[in-house]
Amino acid sequence: MPVASWNGHEIARSDDTVVVEGNHYFPADSVDPALLEDSATHSSCPWKGVASYKTLVVDGKRNVDAVWYYPEPKSAAAEIKDRYGFWKGIVVA
């Protein structure tokens, strides 16, 4: 079962991840919302759409924009709606 962790703290665990371009997208409900802060950052992917970001906060440490998601993905990426991807040192194993 894939587990996402950062600095030894488990962020998400699910046997229902979707892998796209090598990234595991975890169901949003597998992540404790208390660990996430909203961010104003956005980026664009030609086939997935506009990504939004969240900052991860664990034990007072912030990992800015380390979590991304597509609130309204394009139809080609519909399977990642309501799912989070991770980067910036978050390990998925």
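Use the structure listed above.
In this text the structure is predicted, and so the values were computed from the model without any measurement.

A. Up close: the pairing of strand β2 (residues 9–13). Note: strand β1 (residues 3–6) against β2, four bridges, orientation antiparallel. Bridge pairing in β2 links Trp-6 to His-9. Where β1 folds back onto β2 in an antiparallel hairpin, the turn is made up of two residues, including Asn-7, whose phi is positive at roughly 50 degrees.

B. Examining the packing of aromatic side chains more closely. Taken as a whole and judged by the stated rule, the model has four aromatic pairs. Their ring planes at 85 degrees and their centres at 6.3 Å tell us that Trp-68 and Trp-87 sit as a pair that is edge-to-face. Remark: Trp-87 occurs in the loop between β8 (83–86) and β9 (91–92) and Trp-68 occurs in strand β7 (residues 61–69); sequence separation between them is 19 residues. Linked through ring pairs, Tyr-25, Trp-68 and Trp-87 together constitute an aromatic cluster.

C. View of the side chain of Asp-65. The residue Asp-65 is located in strand β7 in this model. Reaching out from Asp-65, the side chain makes a polar contact with the side chain of Thr-41 at a distance of 2.7 Å.

D. Region of interest: the pattern of salt bridges. Taken as a whole and assessed by the stated rule, the structure comprises six salt bridges. Across the salt bridge formed by Lys-81 and Glu-72, the nearest N and O atoms sit 3.5 Å from each other. Given a relative accessible area of 63%, Glu-72 falls into the exposed group.

E. Representation of the environment of Trp-68. Taking relative accessible area as the criterion, Trp-68 reaches 9% and is therefore assigned buried. The sequence separation of Trp-68 and Tyr-84 amounts to 16 residues, and the corresponding C-alpha distance is 5.7 Å. A polar contact is formed between the side chain of Trp-68 and the side chain of Tyr-25, at a distance of 3.0 Å.

F. Molecular detail of the nonpolar core. In this structure, Ile-11, Leu-56, Phe-86 and Ile-90 are the most contacted members of the largest nonpolar core, which totals 16 residues. Examining the composition of this core, we find that three residues originate from one element, β7, more than from any other. The residues touching Phe-86, leaving out its near neighbours within four places in the chain, are Ala-4, Ile-11, Ala-12, Phe-26, Val-31, Ala-66, Val-67 and Trp-68. By size, the runner-up hydrophobic cluster in this structure holds ten residues, among which are Tyr-25, Cys-45, Ala-51 and Tyr-70.

G. View of the sheet that holds β1. Strand order across the open sheet formed by three strands is β2-β1-β9, with antiparallel pairing between neighbours. At either margin of the open sheet sits one strand with a lone partner, and together these are β2 and β9.

H. Examining the environment of Ala-28 more closely. Structurally, the position occupied by Ala-28 is in the loop between β4 (23–27) and β5 (36–45). Classification of Ala-28 as partly exposed rests on a relative accessible area of 28%. The spatial distance from the C-alpha of Ala-28 to the C-alpha of Asp-82 is 5.6 Å, given a sequence separation of 54 residues. Excluding residues within four positions of it along the chain, Ala-28 makes contact with Asp-82, Arg-83 and Tyr-84.

Calculation rules
Residues numbered from 1 in each chain as written. Predicted model: local features only at pLDDT ≥ 70, side-chain atom pairs only at ≥ 80, totals over all residues. Heavy atoms only, no water. Pairing = 2+ DSSP bridges. Helix = DSSP H or I, 4+ residues; strand = E, 2+ residues; numbered from the N terminus. Phe/Tyr/Trp six-rings, centres within 6.5 Å; stacked < 30°, edge-to-face > 60°. Polar contact = N/O pair within 3.5 Å; in protein donor to acceptor, adjacent residues only side chain to side chain. Salt bridge = Lys/Arg side-chain N within 4 Å of Asp/Glu carboxyl O. Buried < 20%, exposed > 50% of the residue type's maximum accessible area, 1.4 Å probe, protein only. Core = buried A, V, L, I, M, F, W, Y, C linked by side-chain atoms within 4.5 Å. Contact = heavy atoms within 4.5 Å.

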